[in-house]
Amino acid sequence: VQLVESGGGLVQPGGSLRLSCAASGFTFSNYDMSWYRQAPGKERELVASIISAGGRTNYADSVKGRFTISRDNAKNTVYLQMNSLKPEDTAVYYCYAERVLVWVKYDYWGQGTQVSVSS
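All of the points below concern the structure found in this document. It should be emphasised that the depicted structure is a prediction, and the values quoted were computed from it without experimental measurement. (Residues numbered from 1 in each chain as written. Predicted model: local features only at pLDDT ≥ 70, side-chain atom pairs only at ≥ 80, totals over all residues. Heavy atoms only, no water.)

### Notes on the overall build of the protein chain
Looking only at helices and strands, the protein chain features 0 helices and 11 strands. In sequence order, the secondary structure elements of the protein chain are arranged as β-β-β-β-β-β-β-β-β-β-β. In terms of overall dimensions, the protein chain is globule-like: its C-alpha atoms have a radius of gyration of 14 Å, near the 14 Å expected for 119 residues. If one aligns the C-alpha atoms of the protein chain with their principal axes, the spans along those axes are about 45 × 30 × 25 Å. Across the 119 residues that make up the protein chain, the buried fraction comes to 40%. Accessible surface computed for the protein chain: about 6400 Å², of which carbon and sulfur atoms make up 47%. One way to put it: in the protein chain the 12 positive side-chain charges average out to a point 4 Å from where the 10 negative ones average out. (Helix = DSSP H or I, 4+ residues; strand = E, 2+ residues; numbered from the N terminus. Rg over C-alpha atoms; globule rule 2.2 N^0.38 Å. Buried < 20%, exposed > 50% of the residue type's maximum accessible area, 1.4 Å probe, protein only. Areas by Shrake-Rupley, 256 points an atom, 1.4 Å probe, with all protein chains shown as cover. Lys, Arg positive; Asp, Glu negative; His and termini not counted. Charge placed at Lys NZ, Arg CZ, Asp CG, Glu CD.)

Dropping the structure here:
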């Protein structure tokens, strides 16, 4: 099983980045997908999530209206479009896959990609 994030980097405030997470080794379309982030000295927090079939999404209040999560089940990939970036968005961003089947949770984490927002 692999979740490989890409697309992170250094961007100025107000800029945009698009993160991608390519999945392999499991049936991607059966899993709800999420993006989490962890800033230095802070706990990991949920940024956005999308259900397995796509369509229904959920966002942290801090990113609503600026970030958009989407997925392409044909490409086994989930995306996070980040616009109007702020310095407080600086963090390592992680991809997360989760499925609950008969009360058993199956979940996987990516290795993370650094996003830095600074002038």
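From this point on, the discussion continues.
### Observations concerning the state of the cysteines
In the structure shown here, the tally under the stated rule is 1 disulfide. Each sulfur in the disulfide pair C21 and C95 lies 2.1 Å from the other. Its S-S torsion of approximately -85° makes the covalent link between C21 and C95 left-handed. On the criterion of sequence distance, the pair formed by C21 in strand β3 (residues 17–24) and C95 in strand β9 (residues 91–101) is long-range, its members being 74 residues apart. The pair formed by C21 and C95 is uniform in burial state, with each residue classed as buried. (Disulfide = S-S within 2.5 Å.)

### Looking at the packing of aromatic side chains
Tallied over the entire structure, the rule returns 7 aromatic pairs. With a centroid separation of 5.8 Å and an interplanar angle of 35°, the aromatic rings of Y31 and Y108 are classed as tilted. Placement of the pair is Y31 in the loop between β3 and β4 (32–38) and Y108 in strand β10 (residues 104–109), with a sequence separation of 77 residues. You can call Y31 buried: its relative accessible area is 6%. Each member of the aromatic cluster is reached from another via a ring pair, and the members are Y36, Y94, Y96 and W109. Above the face of the Y94 ring, R44 is positioned so that its terminal group lies 3.8 Å from the ring centre. In this arrangement the basic side chain of R44 is found over the ring face of W109, its NZ or CZ atom lying 4.6 Å from the centre. (Phe/Tyr/Trp six-rings, centres within 6.5 Å; stacked < 30°, edge-to-face > 60°. Lys NZ or Arg CZ within 6 Å of the ring centre and 35° of its normal.)

### Quick notes on the environment of Y96
Of note, Y96 is situated in strand β9. According to the relative accessible area criterion, Y96 is buried, its value standing at 5%. Spatially, the C-alpha atoms of Y96 and Y108 are 5.7 Å apart, while their sequence positions differ by 12 residues.

### Topic: a nonpolar patch on the surface
Among the surface-exposed residues, L101, V102, W103, V104 and Y106 lie close enough to one another that they form a single nonpolar patch of about 570 Å² accessible area. Assignment of secondary structure puts L101 in strand β9. (Patch = residues over 30% accessible without salt bridge, like charges linked within 9 Å, V, L, I, M, F, W, Y side chains within 5 Å. Salt bridge = Lys/Arg side-chain N within 4 Å of Asp/Glu carboxyl O.)

### Section: the pattern of salt bridges
Within the structure shown, the criterion is met by 4 salt bridges. A salt bridge links D89 to R37; its shortest N-O distance comes to 2.9 Å. In this pair, D89 is assigned in the loop between β8 (77–82) and β9 and R37 in strand β4, connecting sequence segments 52 residues apart. Here D89 falls in the buried class, since its relative accessible area comes to 0%. R37 gets classed as buried once you look at its relative accessible area, which sits at 6%. Residue D89 is joined to R66 by a salt bridge in which the shortest nitrogen-to-oxygen separation is 2.7 Å. Remark: R66 occurs in the loop between β6 (57–59) and β7 (67–72) and D89 occurs in the loop between β8 and β9; sequence separation between them is 23 residues.

As far as function goes, none of this settles anything; it's purely spatial.
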